[in-house]
Amino acid sequence: MAKKPTNPVTPKSKNFVYLEYVLLGLCLCVIALRVTYTEGPPMRSTTLTVNLGDSIYSLSVSAVLIFSFVLWVTWSFCSKGFSYRRTGMEIGLGIFCAAAIISGSVAADKRLAITDIAVFLAPTLMAVLLVQILDSRQKIKIVLIVIAALGAVSAYQCAEQFFVSNQLTIEQYEQAPETMLEPLGIEPDTFQQFLFEHRLYSRGVRGFFTTRNSAGSFALMALFATMALFAERFKQRRSHPSGSAYLSACGAVAAVILLSLALTRSKGALIGLFFAAALLVVLLLFGNRLRAHSKAILIACALLCIAGLWLVASYGLKHGRLPGGGSMLVRWQYWHASAKIYADHPLTGVGGGNFGHFYPQYKPAAALESVADPHNFPLSILTQYGPLGLIGFLLMICVPLWRITSPHPPGASPKTGLSQPASQRLATPLLIVVSTALLLIRPMLMGAAAGETFDVLVYMIVTVYVAPVAVFFIAFVILAGPLRRQRQAKTKMLSANTAVILACAVLSVALHNLIDFAIFEPGVLTAFWAIIACIVATNSQTNPRPGIVIKPAPSSRALAVAAALAIGAAYLSYALVPVAKVTARTRRANQVTSTGQFEYAHQLLEEAARDDPLSATALAFNGRLYLRRVGLRAEEDRDLLLAAAECLRGAIERNGSAFNNFERLADVYGLLAETSRPPEKDDWLAKALDTASEAVERYPGCGRLHFKLARIAEQAGKTDAALKHYSKAIEIEEAYRDQFRRMYPERDKVVSRIGEEEYRQAVQRMAALGEQPSP
């Protein structure tokens, strides 16, 4: 009697197979665009007008991934049979989704929380989708080839920055500093300008990413993807006459990526590389022996992590810093403040993307700058999504990695080759699709430089638009050579070593992001989950497990379609459309403001505020615009100030954790007090005092806020309060200056954070008030 197979597979229809090819192409296009177009994390996209487009772009790209997953599930349900390959990520994904809903419901900035959840979850759903699609050796290798080729593109951009564009940017800045400072909201002769210049003159190489650490994290994944391709070909070198040439080409691509990693000068990425290389050697040499003791090794690793955490915490609490340079000093400050944030929000976290709103409340007074992420991925998830979120995220990573060490389940056997000529012909169409997306979509996203000369435009077209696509095309053709030459060959499964090499890539990125936030940059995160999908798909070939096979009833198919439509409508209604409307109207308002059409700008911002009742962005911008107009026409000042106060109060109702709206509202009340007479003046001063106190409560380590509060208290006749806050402003500034000298010992002059004039006034007023007799 024939044995019933343990993992039955429902044959896929021809249309369903073509759908999977299309979805694979979409996923690869998203990876390519995100890696080659600078897309910051969501928490950075709502602070400046220049960054407003980031949210709509991130949500649009995330929609492609989410809708692709939903379409696959729906189409599969509507087919003759629903066949689902287990990924090992399902439990963790479910836990994380529950944590995201809980944390999002209590978030201060719910719009930012929704955006962060969507951008964070989309790549994980893409990974689940890719595991279902990557059912052949060729498909897995194509994903690895795309990531490796993108690594070569990133290396090109790093080299271009190192040798050319960084110097050009410095020269442009020196000729007209305001052209770079104004879009970023940086005022001249301030600490923020110092930070900008410090980063500029450090000539950091970041590729297409926001930081050099992000470029380093992606380079790690691209390097190990290339190594996996190299190892796979090396195993077959004797059976293929052209193997040596391919290995040389593969080694050249790896060398280029390694060079880009060196150019980034990312210490965390280099540490991750050395760790992963050492781990890979150990696993390749002693993998079979270690597999027999996998549980004991897991327990030992867990204990080692606990011991490491205890050592770090003990040293930091004792010395107020970690061993190393200034970067480890500030990281301890980030982590210590994050621990306090978690202590106050132990169950739910503060909400996705909301860390930057709460960090100022816990930031040490001496710390030089505020951050939107603690530069440690477990702490980041813990503080924003709570313990459930962290458990879910770690399970999504660890379970697929753990399965590599697991023995074959009873009755299962590795998949032997089935002829798949269609999948073997995928390389060329996908190369054309991805290259076309890079060539056509990237220029639309980046926009054209207006006002440039013809020579400059030609240079930009060649170096910025065409050259990256050419590098991708050439690297892809080189790395995909064996796929084209083996079209008639029998499909073989990938070796288990491929999964091991890719697992080392995942662990290297995880180690690097214990001291950085690169993993949360959408391009890095998307590539990260694509690597995990390749690990799961490879392991499914070498170590198959029973999948889920269902023959849905007609009613179930109708429910699947209805659920898909509901998910699509919910995403559009609550995530994408409100942000798109606010972004469009706010951008338009910014444009008409530059031409003096203030009333029209206010109308646009009011409509934007109504379009998205969860967002405080439009109201905050509108309040700032009213405040900006004060002084242009004296007879209108009072009405403008009252309108600004109304807008800022509305922004505070929607997001009560951001100190800057309280600060601006206190400024408005102070100006209203100046234009009023007693007793109305006293009422405005009282409101200014209360509002400034609220701002200080949310950012107690800001000397500027204490200085403003002291001046308001002095005007209100509260001498003791004025003395207290003048003293606090001086104390904070002196603590900051002490840390500045430690971090920048080569600088002769300290750049004041509160402002030299304000610092002198605080000292003078404290001395003058201290001499006055107590009432």
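None of the values given here were measured: they were computed from a predicted structure.

Turning our attention to the confidence of the model for the protein chain. Per-residue pLDDT for the protein chain averages 88, and the proportion of residues at 70 or more is 90%. Predicted confidence for residues 1-7 stays below pLDDT 50, and this span has seven contacts to residues more than four positions away or in other chains. Predicted confidence for residues 487-491 stays below pLDDT 50, and this span has 13 contacts to residues more than four positions away or in other chains.

Where helix α5 (residues 137-175) contacts helix α20 (residues 522-542), the axes come no closer than 10 Å and their chain directions differ by 155°. By the angle between their axes, α5 is roughly antiparallel relative to α20. Judged by the twist between their axes, the crossing of α5 over α20 is left-handed. Seen from α5, the contacting residues are Arg137, Ile140, Val143, Leu144 and Ile147; seen from α20, they are Ala527, Ala530, Ile531, Cys534, Ala537, Thr538 and Gln541. A class-by-class count of the residues in the contact of α5 with α20 yields nine nonpolar, two polar and one charged.

By size, the foremost hydrophobic cluster in this structure holds 133 residues, and its most contacted members are Phe218, Phe393, Phe472 and Trp529. Beyond its immediate chain neighbours, meaning those up to four positions away, phenylalanine 393 contacts Phe96, Phe120, Phe377, Ile381, Ile519 and Trp529. Within the second largest apolar cluster, 40 residues are counted, among which are Leu640, Ala666, Ala695 and Ile754.

An ideal rise of 1.5 Å per residue puts 24 Å on 17 residues; helix α19 (residues 496-512) measures up with 25 Å between its terminal C-alpha atoms. The buried fraction of α19 is high, at 13 of 17 residues.

Turning next to unusual backbone geometry. The omega angle of the peptide bond from proline 678 to proline 679 is 0°, so this bond is cis rather than trans. Assignment of secondary structure puts proline 679 in the loop between α25 (659-674) and α26 (680-698). Notably, histidine 375 is not glycine yet its phi reads approximately 60°, a positive angle. Tracing the chain through its elements places histidine 375 in the loop between α13 (355-362) and α14 (377-405).

Here we come to a nonpolar patch on the surface. Where nonpolar side chains cluster on the molecular surface, the patch consists of Leu439, Leu440, Ile441, Met444, Phe454, Val458, Ile461, Val462 and Val466 and spans about 830 Å² of accessible area. Those elements that place two or more of their residues in the nonpolar patch are α16 (427-446) and α17 (454-479). For the nonpolar patch, the element with the most residues is α17, which contributes five residues. Structurally, the position occupied by valine 462 is in helix α17. For valine 462, a relative accessible area of 46% gives the class partly exposed.

Time to look at the side chain of aspartate 637. Looking at the element boundaries, aspartate 637 is found in helix α24 (residues 637-654). Of the buried charged residues, aspartate 637 lacks a salt bridge, with arginine 629 as the closest side chain of opposite charge at 8.3 Å. Discounting residues that sit within four places of it in the chain, aspartate 637 has contacts with Val630, Gly631 and Leu632.

Take the packing of helix α27 (residues 703-715) against helix α28 (residues 719-743) next. It is at 8 Å that the axes of α27 and α28 come closest, and there the two elements cross at 160°. With respect to α28, the axis of α27 lies roughly antiparallel. Between α27 and α28 lies a crossing whose hand is left-handed. Of the residues in α28, those in contact with Gly703, His706, Phe707, Leu709, Ala710, Arg711, Ala713 and Glu714 of α27 are Ala721, Ala722, His725, Tyr726, Lys728, Ala729 and Ile732. Grouping the constituent residues of the contact of α27 with α28 by class yields nine nonpolar, three polar and three charged.

Enumeration over the complete set of coordinates arrives at 19 salt bridges. Residue glutamate 607 pairs with arginine 585 through a salt bridge whose shortest N-O separation is 2.8 Å. Separated by 22 residues along the polypeptide, glutamate 607 in helix α22 (residues 598-611) and arginine 585 in helix α21 (residues 554-594) bring together distant segments of the chain. Here lysine 708 makes a salt bridge to aspartate 667, at a shortest N to O gap of 3.2 Å. Within this pair, whereas lysine 708 is found in helix α27, its partner aspartate 667 is found in helix α25, the two being separated by 41 residues in sequence. Residue class for aspartate 667 comes out partly exposed when judged on its relative accessible area of 27%. It is possible to trace a salt-bridge network through shared partners that takes in Glu663, Asp667, Arg704 and Lys708.

Parameters and conventions
- Residues numbered from 1 in each chain as written.
- Predicted model: local features only at pLDDT ≥ 70, side-chain atom pairs only at ≥ 80, totals over all residues.
- Heavy atoms only, no water.
- pLDDT = per-residue confidence, 0-100.
- Contact = heavy atoms within 4.5 Å.
- Axes fitted to C-alpha atoms, helices over the stretch in contact; angles between N-to-C directions.
- Helix = DSSP H or I, 4+ residues; strand = E, 2+ residues; numbered from the N terminus.
- Parallel < 35°, antiparallel > 145°, perpendicular 65-115°, else oblique.
- Left-handed = near helix turned anticlockwise from the far one by under 90°.
- Nonpolar A, V, L, I, M, F, W, Y, C, P; charged D, E, K, R; others polar.
- Core = buried A, V, L, I, M, F, W, Y, C linked by side-chain atoms within 4.5 Å.
- Buried < 20%, exposed > 50% of the residue type's maximum accessible area, 1.4 Å probe, protein only.
- Expected span 1.5 Å × (residues − 1).
- Patch = residues over 30% accessible without salt bridge, like charges linked within 9 Å, V, L, I, M, F, W, Y side chains within 5 Å.
- Areas by Shrake-Rupley, 256 points an atom, 1.4 Å probe, with all protein chains shown as cover.
- Salt bridge = Lys/Arg side-chain N within 4 Å of Asp/Glu carboxyl O.
- Lys, Arg positive; Asp, Glu negative; His and termini not counted.

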